[in-house]
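Each chain is listed here by its residues.
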Amino acid sequence: MEPLNAVVEWFTLPLQFDFMWRAMLVSVVAGAVCAVLSCWMTLIGWSLMGDAVSHAVLPGVVLSYLLGLPFAVGALVFGAGSVALIGVVNRTSRVKEDAVIGTVFTALFAVGVLLVSKIPSQTDLMHILFGNVLGVSDGDIAQVLAMGAVVLAVVLIKHRDLTLFAFDRVHAHAIGLSPRRLETLLLGLLAVTVVVALQAVGIILVVAMVIVPGATAYLLTDRFERMLVIAVAVSVTASVLGTYLSFHLDAATGGAVVAVQACAFALAYLFAPAHGVIARRLRERAASRPAAPDPAGR
Amino acid sequence: MTATAADPAAGTGHAPAPAIDAAGVTVRYGDVLALEDVALTVAPGRICGLLGTNGSGKSTLFSALIGLIRPARGRVLLHGRTPDRARKAGLVAYVPQSEQIDDAFPVRVRDVVMMGRYGHMGPTRRPRRADREAVAEALDRTGLTDLAHRRIGALSGGQRKRAFVARGIAQGARVFLLDEPFAGVDKGSEGTIIDVMRRMRDDGRTLLVSTHDLAGVGDFCDEAVLLQRRVLARGAPREVLTPQRLAEAFGMGRPDPAEEA
């Protein structure tokens, strides 16, 4: 019973601390919301967009901090602003979209880096960049819960339109819907989601939260509904395990959560029953081998 | 054949307007003139072949017809309505080229066909009984009922085309734009697609079918348009598909044994 006790203790001991419950709550909510959105991000191919929005919020977060505003205010302004700016430059110049995205988000991130040097404490800087889920305030938790609820509610109402947009935007146009408006909606959801996850894993790693769960689930199923469920399951598990790991190893929570997600992706990449590398190799080998004598005689 | 599901296109009262009516359509991409003064009229219940090489402006014309691009000059009317109004009324369906669709996208055939109904649904697009019935009928008419639960990418090229046609039928569209429906489709499937197209025409729907494959055009099209940035010829397929005109549209360098010197 010795090892079993150790395992039980590994999971129960941290829960004696109030801050662990709070950290767990924020990680799990952020993980779930990000995972839902990640399914559409993966299918559309918007990982660079996720990277862009998450980096572009830096100046907003720093300004909020310096002005004593809730972090979400500045982050949302700059998240939505970066998306709008990318759209405008994309439509009004000949530069290709990925170059526009790369230019706009690094520009905003650079402004953030300049502003950061105005922050007196290095600890706060680290928290902005890498998250500080073990030290979230009641106000932070309230912001995360409110924004998470908004994203999930909008997704619940609009998920069919979002999938239509991801699958065939010409058809959306042809039946009188506005692909442009759906794109704006999805980008808006992305901006809010990034801000939700900011508290959990920090600016640098947010992009993983909105890509990796969807990418992992995509390797495991061909059904969109299942993809949503798997992505949320993977992401929430990673949030819980990552938070425990960070407690026991006394290491950064964001890094731990994303590392667990990466492990899940690696497992799916290798061992997924239909789309994994190993299964595909085995199929190829079986196909190339001369047909074994068939008892049916065909 | 039984009559089709409810006709969403309100009757216009007096003389029926052409299903497709384009005049003087000119489209520029920067300095490139993609379409020049294109005129095209197709009466309801006809199949019109849109012939031309790659880059002749077929896809651009489709985009102008569904209002994806605004012509620099000219006008487009579908059943007497502007593209915007026609789209809002669900009159027009676009059947995409194979490569425009992500094969691996996790949607089933039934989901795709249901997307045809979105314009008729409430804001959450939750299907009601009428929607499910329209989808079932569209699947039946295209012979896809047994494949309804397959992922769209698991279908053959020809079956996939029929799935997108079924989406337009479920939508109740009157005008169908089919972009290269025979590309990457074997002969047998081609025949099935043509059967489906003929039955749709017999329901009074109108089909504009772009293709650069001329073999079957005379067989299934009621009329044809030869496009090479502008309209080189239009009329009955026999009149359009003359060696001289084809040489003009498809390039002089091509040796053509049928051509009389």
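You'll find the structure just up there.
The rules behind these values
- Each chain carries its own residue numbering, running from 1 in the direction its sequence is written.
- The order in which chains are written sets their letters, starting at A; the order in which ligands are written sets their numbers, starting at 1.
- pLDDT decides what is reported in this predicted model: residues at 70 or higher carry local features, side-chain atom pairs at 80 or more are listed and counted, and totals for whole chains, interfaces and linings draw on all residues regardless.
- Note that water and hydrogens are dropped before the side-chain values are worked out from all heavy atoms of the structure.
- Runs of E in the DSSP output that reach at least two residues are strands. Runs of H or I that reach at least four are helices, and both are numbered from the N terminus.
- Each residue is assigned to one of three classes by its accessible area relative to the maximum for its type, calculated with a 1.4 Å probe on protein chains only: buried under 20%, partly exposed between the two thresholds, exposed over 50%.
- Residue contacts follow a heavy-atom distance rule, with two residues in contact if any of their heavy atoms lie within 4.5 Å.
- A 1.4 Å probe and the Shrake-Rupley method give the accessible areas. Residues count as covered only by the protein chains that appear here.
- Here a strand pair is declared whenever DSSP counts at least two bridges between the two strands.
- When the strands point away from the viewer and the path from the first strand over the helix to the second turns clockwise, the crossover is right-handed.
- Ring geometry is summarised as follows: Phe, Tyr and Trp rings, the Trp one being its six-membered ring, pair when their centres sit within 6.5 Å, and such pairs are stacked at plane angles under 30 degrees, edge-to-face over 60 and tilted between the two.
- To obtain each axis, a line is fitted to C-alpha atoms, and for helices this fit is confined to the stretch in contact; angles are then taken between N-to-C directions over 0 to 180 degrees.
- Crossing chirality is assigned from the near helix's rotation relative to the far helix, an anticlockwise turn below a right angle marking it left-handed and a clockwise turn marking it right-handed.
- Three classes are used, and their members are as follows: Ala, Val, Leu, Ile, Met, Phe, Trp, Tyr, Cys and Pro are nonpolar, Asp, Glu, Lys and Arg are charged, and the others, Gly among them, are polar.
- Note on patches: the residues involved have over 30% relative accessible area and no salt bridge, like charges join within 9 Å, and the nonpolar side chains Val, Leu, Ile, Met, Phe, Trp and Tyr join within 5 Å.
- Between Lys or Arg on one side and Asp or Glu on the other, a salt bridge is scored when a side-chain nitrogen of the former is within 4 Å of a carboxyl oxygen of the latter.
- Counted charges follow a simple rule, with Lys and Arg positive, Asp and Glu negative, and His plus the chain ends left uncounted.
- Note on charges: their place is set at NZ of Lys, CZ of Arg, CG of Asp or CD of Glu.
- The span expected for a helix works out to 1.5 Å for each residue beyond the first.
- Computed with a 1.4 Å rolling probe, the buried area is the accessible surface lost when two parts are put together, summed over both parts.
- N or O atoms within 3.5 Å of each other form a polar contact, as long as, within protein, one can give a hydrogen and the other can take it, and as long as residues adjacent in sequence are counted only when both atoms are side-chain atoms.

*Asks:* Give a detailed account of the overall build of chain A, specifying residues and quantitative values.
*Replies:* Of the regular secondary structure elements, chain A holds 15 helices and zero strands. Per-residue burial over chain A gives 48% buried out of 298 residues. Here the analysis covers contacts within chain A between residues at least 6 apart in sequence; of these, 74% occur between residues at least 24 apart. Accessible surface, chain A as shown: approximately 14,100 Å² in total, 68% of it carbon and sulfur.

*Asks:* Now, about unusual backbone geometry: what can you tell me, with residues and values included?
*Replies:* Residue and element names in this part refer to chain B. The backbone of Asp 37 sits at a positive phi, close to 50°, despite the residue not being glycine. Among the structural elements, Asp 37 can be located in strand β2 (residues 32–42). At Glu 180, a residue that is not glycine, the phi angle is positive and equals roughly 50°. Here Glu 180 shows up in the loop between β6 (175–179) and α6 (187–202).

*Asks:* Explain the pairing of β6 of chain B to me, and be specific about the residues and the numbers.
*Replies:* Each regular strand carries side chains that alternate between the two faces of the sheet. Residue and element names in this part refer to chain B. The buried fraction of β6 is high, at five of five residues. Covered by surrounding structure in β6 are Val 175, Leu 177 and Asp 179 together with Phe 176 and Leu 178, the residues of both alternating faces. As judged from the four bridges shared by strand β5 (residues 92–95) and β6, these two strands associate in the parallel manner. Residue Val 95 lies in a different strand from β6, and its bridge partner there is Leu 178. Looking at chain direction, β6 and strand β7 (residues 206–211) are connected through five bridges and run parallel. Following the sheet pairing, Leu 178 is matched in β7 by Val 209. Each parallel crossover has a hand, and the one from β6 via α6 to β7 is right-handed.

*Asks:* A description of the packing of aromatic side chains should follow, citing residues and the corresponding values.
*Replies:* Residue and element names in this part refer to chain A. What the rule picks out here adds up to 13 aromatic pairs over all chains. Measuring from centroid to centroid gives 6.2 Å for Trp 46 and Phe 165, while their planes differ by 55°, and the two rings are tilted. With Trp 46 in the loop between α2 (18–44) and α3 (47–56) and Phe 165 in helix α8 (residues 138–167), the pair connects residues that are 119 residues apart, well separated along the chain. Under the relative-accessibility criterion, Trp 46 is labelled buried at 10%. Taking the relative accessible area as the measure of exposure, Phe 165 reaches 0% and is therefore buried. Chaining the aromatic ring pairs together yields one cluster made of Trp 10, Phe 11 and Tyr 244.

*Asks:* Please give an account of the packing of helix α5 (residues 71–92) of chain A against helix α6 (residues 97–116) of chain A that cites residues and values.
*Replies:* Residues and elements named next belong to chain A. Where α5 contacts α6, the two axes come as close as 9 Å, and the packing angle between them is 140°. Regarding α5 and α6, the two cross each other, and that crossing is right-handed. Judged by residue contacts, Phe 78, Ser 82, Leu 85, Ile 86, Val 89 and Asn 90 of α5 engage Glu 97, Val 100, Ile 101, Val 104 and Leu 108 from α6. Each residue belonging to the contact of α5 with α6 can be placed in one class, and the counts come to eight nonpolar, two polar and one charged.

*Asks:* Now, about the sheet that holds strand β4 (residues 73–78) of chain B: what can you tell me, with residues and values included?
*Replies:* Pairing between the strands of a sheet comes from backbone hydrogen bonds, and it takes one of two forms, parallel or antiparallel. All names here are of chain B. Taken together, three strands build an open sheet; the order of strands is β2-β1-β4 and the sheet is antiparallel. The open sheet has two edge strands with one neighbour each: β2 and β4. Neighbouring strand axes in the sheet, compared pairwise and without regard to direction, differ in orientation by 20° on average. Bridge count for strand β1 (residues 20–29) against β2 is seven bridges, and the pairing is antiparallel. Within the sheet, the bridge partner assigned to Val 25 lies in β2 and is Val 38.

*Asks:* Tell me about a positive patch on the surface, residues and numbers included.
*Replies:* Residues and elements named next belong to chain A. The grouping of Arg 280, Arg 281, Arg 283, Arg 285 and Arg 289 at the surface amounts to a positive patch. Structurally, Arg 280 is set in helix α15 (residues 277–288). In this structure Arg 280 comes out as partly exposed when scored by relative accessible area, which is 42%.

*Asks:* Outline α5 of chain A, listing residues and values.
*Replies:* Here α5 of chain A is 22 residues long and its end C-alpha atoms lie 32 Å apart, about the 32 Å a rise of 1.5 Å per residue gives. Taken together, the buried residues of α5 of chain A touch α3, α4 (58–67), α6, α8 and α10 (179–201) of chain A.

*Asks:* Can you break down the interface of chain B and chain A residue by residue, with the values?
*Replies:* Often, the extent of an interface is quoted as the loss of accessible area on bringing the components together. Taken together, the contacts link 30 residues of chain B with 23 residues of chain A. Area buried by chain B at its contact with chain A is led by Arg 87, Phe 105 and Pro 106 of chain B, which between them contribute 25% of it. One salt bridge connects Arg 151 of chain B with Asp 222 of chain A, and the closest N-O pair in it is separated by 3.6 Å. Across the contact surface, chain B and chain A share 11 residue pairs in polar contact (both at pLDDT 80 or more). Every element with two or more residues in the side of chain B that touches chain A is listed here: α2 (83–88), β5 and α5 (157–171) of chain B.

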